[in-house]
Amino acid sequence: MNIRKFFFTFLLTFSVLASVPHAAMAGDPGPFRLVFFDISAPPYQDGQQLIIELRKMEALSEVQKDYCFFCKTSPDVETIYIYSVPVGLNVEDLRKAVSGDDDAKRRMQTVLHRFVDAEDIGVDGLLIYQHTEGNVTIYTMDRQVGSPLKAVSKPVKRHLLHSSLDTLLENAAQKLNRPV
């Protein structure tokens, strides 16, 4: 009878432990679907070119960084709108939004909130790239109208390395409110 009790306890424990990883992944919202927009003024408009180069890379060199969040082989970013952005997003309103204009921010968030692609799928949010003399900032804009913008920055001498941009983009994307 002791063996039966032991066997039953073992099966019960194994069943509970085997189900834990699946329960932890149940709330995962999946890979990111993002829009990228460079609002930098000349001569600092390098964001679109940098992210296109980053997105074409298989991986970063080991010297730069072990893991690449935005490289084309990354399972973390499903879609990134770089070349074409949702109709209605514009550089003037995005610049106003990052400068604190709540009306401009709400207009841009409304565009994001309403946007769906040809497969009727929306995006998680917008990453706004702003390069100024000596600094690059990535602002995040959620789809949720009225949510605050969040920012991550990095000082730069001339331009960002791909690894630094990747880290900034990853840190910014993690700040987006993504419903499960």
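J.: Just give me the short version of the overall build of the chain, but keep the residues and values in it.
T.: Along its length, the chain carries five helices and five strands. Start at the N end of the chain and walk to the C end: the helices and strands fall as α-β-α-β-α-α-β-β-β-α. Expressed as a percentage of the 180 residues in the chain, the buried residues total 41%. Of the roughly 10,800 Å² of accessible surface on the chain, 57% is carried by carbon and sulfur atoms.

J.: Which residues make up the state of the cysteines, and what are the values?
T.: This structure, assessed with the given rule, holds one disulfide. Through a disulfide, Cys68 is tied to Cys71; the S-S separation comes to 2.0 Å. Its torsion about the S-S bond being 85 degrees, the disulfide of Cys68 and Cys71 is classed as right-handed. Judged by relative accessible area, which is 8%, Cys68 ranks as buried.

J.: Please give an account of the environment of Val77 that cites residues and values.
T.: One can find Val77 in strand β2 (residues 77–81). When the C-alpha positions of Val77 and Arg55 are compared, they lie 9.8 Å apart, and in sequence the two are 22 residues distant. Setting aside chain neighbours within four positions, we find Val77 in contact with Pro31, Phe32, Arg55, Phe69 and Phe70.

J.: Go over the packing of aromatic side chains, please, and point to the residues and values.
T.: Scanning the model with the defined rule gives four aromatic pairs in all. With 5.8 Å between their ring centres and 45 degrees between their planes, Phe36 and Tyr129 make a pair best called tilted. Of this pair, Phe36 sits in strand β1 (residues 32–38) while Tyr129 sits in strand β3 (residues 125–132); the two residues are 93 residues apart in sequence, bridging distant segments of the chain. Here Phe36 matches Tyr129 in class, with each residue buried. Taken together, a centroid distance of 5.4 Å and an interplanar angle of 85 degrees make the contact between Tyr81 and Phe115 edge-to-face. Pair noted here: Tyr81 is in strand β2 and Phe115 is in the loop between α4 (102–114) and β3, with a separation of 34 residues, a long-range link. Members of the aromatic cluster, each reached through a chain of ring pairs, are Phe32, Phe69 and Phe70. Looking at Arg178, its charged tip hangs above the ring of Phe32, at a distance of 3.8 Å from the centre.

J.: Please provide a residue-by-residue account of unusual backbone geometry, values included.
T.: Comment: phi is negative for the bulk of residues other than glycine, and the bulk of peptide bonds are trans. Between Pro42 and the following residue, Pro43, the backbone shows a cis peptide bond with an omega angle of 5 degrees. Looking at the secondary structure, you find Pro43 in the loop between β1 and α2 (47–56). For Asp120, which is not a glycine, the phi torsion comes out positive at approximately 65 degrees. Mapped onto the elements of the fold, Asp120 is located in the loop between α4 and β3.

The rules behind these values
Residues numbered from 1 in each chain as written. Predicted model: local features only at pLDDT ≥ 70, side-chain atom pairs only at ≥ 80, totals over all residues. Heavy atoms only, no water. Helix = DSSP H or I, 4+ residues; strand = E, 2+ residues; numbered from the N terminus. Buried < 20%, exposed > 50% of the residue type's maximum accessible area, 1.4 Å probe, protein only. Areas by Shrake-Rupley, 256 points an atom, 1.4 Å probe, with all protein chains shown as cover. Disulfide = S-S within 2.5 Å. Contact = heavy atoms within 4.5 Å. Phe/Tyr/Trp six-rings, centres within 6.5 Å; stacked < 30°, edge-to-face > 60°. Lys NZ or Arg CZ within 6 Å of the ring centre and 35° of its normal.

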